[in-house]
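Each chain, written out:
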Amino acid sequence: MKITQIISALILISSFSFPQEKIFIPMDLSQTDHLKAYGITYHALEKGYKADWLLNYRGGSFLIDYSNEIATECLVEGVYSENISLAEASAMYAEIQSEDNNMDVVRLEKAPKIGVYVPPGFQPWDDAVTLVLEYAKVPYEKIWNDEILRGDLSKYDWLHLHHEDFTGQYGKFYASFSNAQWYIDQQIAYENNAKKNGFKKVSEMMKEVTRTIKSYVGQGGFLFAMCSATDSYDIALAAENVDICAQMYDGDPADPQAQSKLDYSKTLAFTNFKLEMNPYVYEYSDIDIQPIEVGNMENDYFTLFEFSAKYDPVPTMLTQNHVNVIRGFMGQTTMFRKNLIKNSVTILAERQGTDQVKYIHGNFGRGFFTFYGGHDPEDYQHAVGDPPTDLNLYKNSPGYRLILNNILFPAATKKKQKT
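Residues numbered from 1 in each chain as written. Predicted model: local features only at pLDDT ≥ 70, side-chain atom pairs only at ≥ 80, totals over all residues. Heavy atoms only, no water.

S.K.: I'd like a rundown of the overall build of the protein chain, residues and numbers included.
M.R.: A tally of regular secondary structure across the protein chain gives 14 helices and 15 strands. For the protein chain, the C-alpha radius of gyration of 23 Å lies close to 22 Å, the compact-globule estimate for 419 residues. Long-range pairs, those at least 24 residues apart, make up 75% of the contacts in the protein chain with a sequence separation of at least 6. With an accessible surface of roughly 18100 Å², the protein chain has 52% of that area assigned to carbon and sulfur atoms. (Helix = DSSP H or I, 4+ residues; strand = E, 2+ residues; numbered from the N terminus. Rg over C-alpha atoms; globule rule 2.2 N^0.38 Å. Contact = heavy atoms within 4.5 Å. Areas by Shrake-Rupley, 256 points an atom, 1.4 Å probe, with all protein chains shown as cover.)

S.K.: Give a description of the packing of aromatic side chains that names residues and reports values.
M.R.: Across all of its chains, the model carries 27 aromatic pairs by this definition. Aromatic pair Trp53 and Phe62: ring centres 5.6 Å apart, planes at 35°, arrangement tilted. Of the residues examined, Trp53 reaches a relative accessible area of 0% and is grouped as buried. On the numbers, 5.3 Å between centres and 50° between planes, the contact of Phe369 with Phe371 is tilted. Overall, Phe369 belongs to the buried group, its relative accessible area being 1%. (Phe/Tyr/Trp six-rings, centres within 6.5 Å; stacked < 30°, edge-to-face > 60°. Buried < 20%, exposed > 50% of the residue type's maximum accessible area, 1.4 Å probe, protein only.)

S.K.: So, the packing of helix α8 (residues 181-196) against helix α9 (residues 202-218): which residues are in play, and what are the values?
M.R.: At their nearest, the axes of α8 and α9 sit 9 Å apart, and the two run at 70° to each other. Taken together, α8 and α9 sit at an angle that is classed as roughly perpendicular. Every pair of crossing elements has a handedness; the one defined by α8 and α9 is left-handed. Facing Tyr190, Glu191, Asn193 and Ala194 of α8, the residues of α9 in contact are Val202, Met205 and Met206. Across the contact of α8 with α9, the residue classes tally to 5 nonpolar, 1 polar and 1 charged. (Axes fitted to C-alpha atoms, helices over the stretch in contact; angles between N-to-C directions. Parallel < 35°, antiparallel > 145°, perpendicular 65-115°, else oblique. Left-handed = near helix turned anticlockwise from the far one by under 90°. Nonpolar A, V, L, I, M, F, W, Y, C, P; charged D, E, K, R; others polar.)

S.K.: Residues and numbers for the pattern of salt bridges, please.
M.R.: Enumeration over the complete set of coordinates arrives at 23 salt bridges. Between Asp52 and Arg107 there is a salt bridge, with its nearest N and O atoms 2.6 Å apart. Placement of Asp52 in strand β2 (residues 51-55) and of Arg107 in strand β5 (residues 104-108) is noted, with a sequence separation of 55 residues between them. Judged by relative accessible area, which is 3%, Asp52 ranks as buried. Within this structure, Lys201, Asp243, Asp250 and Asp252 form a network of salt bridges that share partners. (Salt bridge = Lys/Arg side-chain N within 4 Å of Asp/Glu carboxyl O.)

S.K.: Could you give an account of the confidence of the model for the protein chain, naming the residues involved and the relevant values?
M.R.: Put simply, the protein chain has an average pLDDT of 92, and 92% of its residues get 70 or more. Note on residues 3-19: pLDDT is under 50 here. Beyond four places in sequence and across chains, it has 3 contacts. (pLDDT = per-residue confidence, 0-100.)

S.K.: Describe the environment of Ala175, listing the residues and the values that go with them.
M.R.: On the secondary structure map, Ala175 appears in helix α7 (residues 174-177). Taking the C-alpha atoms as reference points, Ala175 and Ala37, separated by 138 residues in sequence, lie 43 Å from one another.

S.K.: Summarise unusual backbone geometry; cite the residues concerned and give the values.
M.R.: Outside of glycine, negative phi angles account for most residues, and trans bonds account for most peptide bonds. One non-glycine residue, Arg58, adopts positive backbone phi at about 50°. With respect to the helices and strands, Arg58 occurs in the loop between β2 and β3 (61-65). For Arg58, a relative accessible area of 31% puts it in the partly exposed group. Residues other than glycine seldom take positive phi values, yet Lys137 does so here, at roughly 60°.

S.K.: For the sheet that holds strand β4 (residues 82-84), give the residues involved together with the corresponding values.
M.R.: Strands pair in a sheet through their backbones, by hydrogen bonds, and they do so in one of two ways: parallel or antiparallel. The strand order across the open sheet built from 5 strands is β4-β1-β3-β2-β5, with neighbouring strands paired in antiparallel fashion. Two strands lie at the open edges of the sheet, namely β4 and β5, each paired on one side alone. Neighbour to neighbour, the strand axes of the sheet diverge by 25° on average, direction disregarded. Note that β2 and β5 share 5 bridges and pair antiparallel. Its bridge partner being in β5, Asp52 is matched across the sheet by Arg107. (Pairing = 2+ DSSP bridges.)

S.K.: Residues and numbers for the side chain of Glu73, please.
M.R.: Considering the arrangement of structural elements, one finds Glu73 in helix α3 (residues 68-77). Here Glu73 falls in the buried class, since its relative accessible area comes to 14%. Non-local contacts of Glu73, meaning those with residues more than four positions away in its chain, are made with Ile40, His43 and Lys47.

So this is what it looks like as structure tokens:
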């Protein structure tokens, strides 16, 4: 065989063995399943492939080293992808990194280990984050008070707080559900758990849990919370040295001077809030926006802020989406009052023309926290006992995408700010 024929044969074999160099996963309106696209990218990192997050490029797309297994997974999971050459990828990088475009490339290094704080009896559909993790097939481990108090948080890169009440008031469901078996069982479980961990009261145990989580963040952890786990967490930090729980919650009366004894310097996100001390009122404080303030659900939308991809990569990552106006949704904590948010906190999304903030992010020590108001992005007013959301019907949910942005955020290579 002539040398030219051998070279031609080798080129032909190579073209079949390595048909493309990159897998491009667009995240604009052309994507068939935005949510599972995050799972594909997470799995690629788990398997050791290089992946880039293309900020503000076609909805925050992904570019992954080509492999047959990742290409096949895209097909099996119904995620739209394109196989592109190195030359096409280079042109894409050049466009993104041009100073004329508000875009940037962030290298994703390794799949973060995920811990989800959940109580006993938890079901995946009880919480939007675990629901979407299950749907996207992103692995996570369940932890509760025992694991946190014995120091297990150091095992995790990313921690999600289930819609918990960190004040020890059982969600302030007393007026509506104190006779319900699930409420009685929950209180017994928490009281037994407090006793097991050496605490006389659940509220005291929860204060120690909140302090331990705060230390985790300060040492470089990533904290994500939704619904009541946002404001109740900060309230518990502020009330570290004061009893804010009524007798039906912890066996003794609340301190009548509790409000004046709050220490806002200890909180992550909120300041100067006023507690709701009536134990029969289903609310913790004035941080939360009330349904009457939200008004007609048909007009409930929130808008994502636009950040500079090259100068503010962190908030840019957290707001990647294929739309910038998103349908609102309620929860025990629906949104946050703007004037009660600390100046050091970055507002990521709000209802335009109001003081209602949906999505915030901040730093504490070497770590980060993100708070997202509401319970379920595709169930406007989720109630106790409602059926689970079927995410097969919401594959392109922009509200759920914000959760998954946070999942990949810890995987990003840390870049020096261009100040």
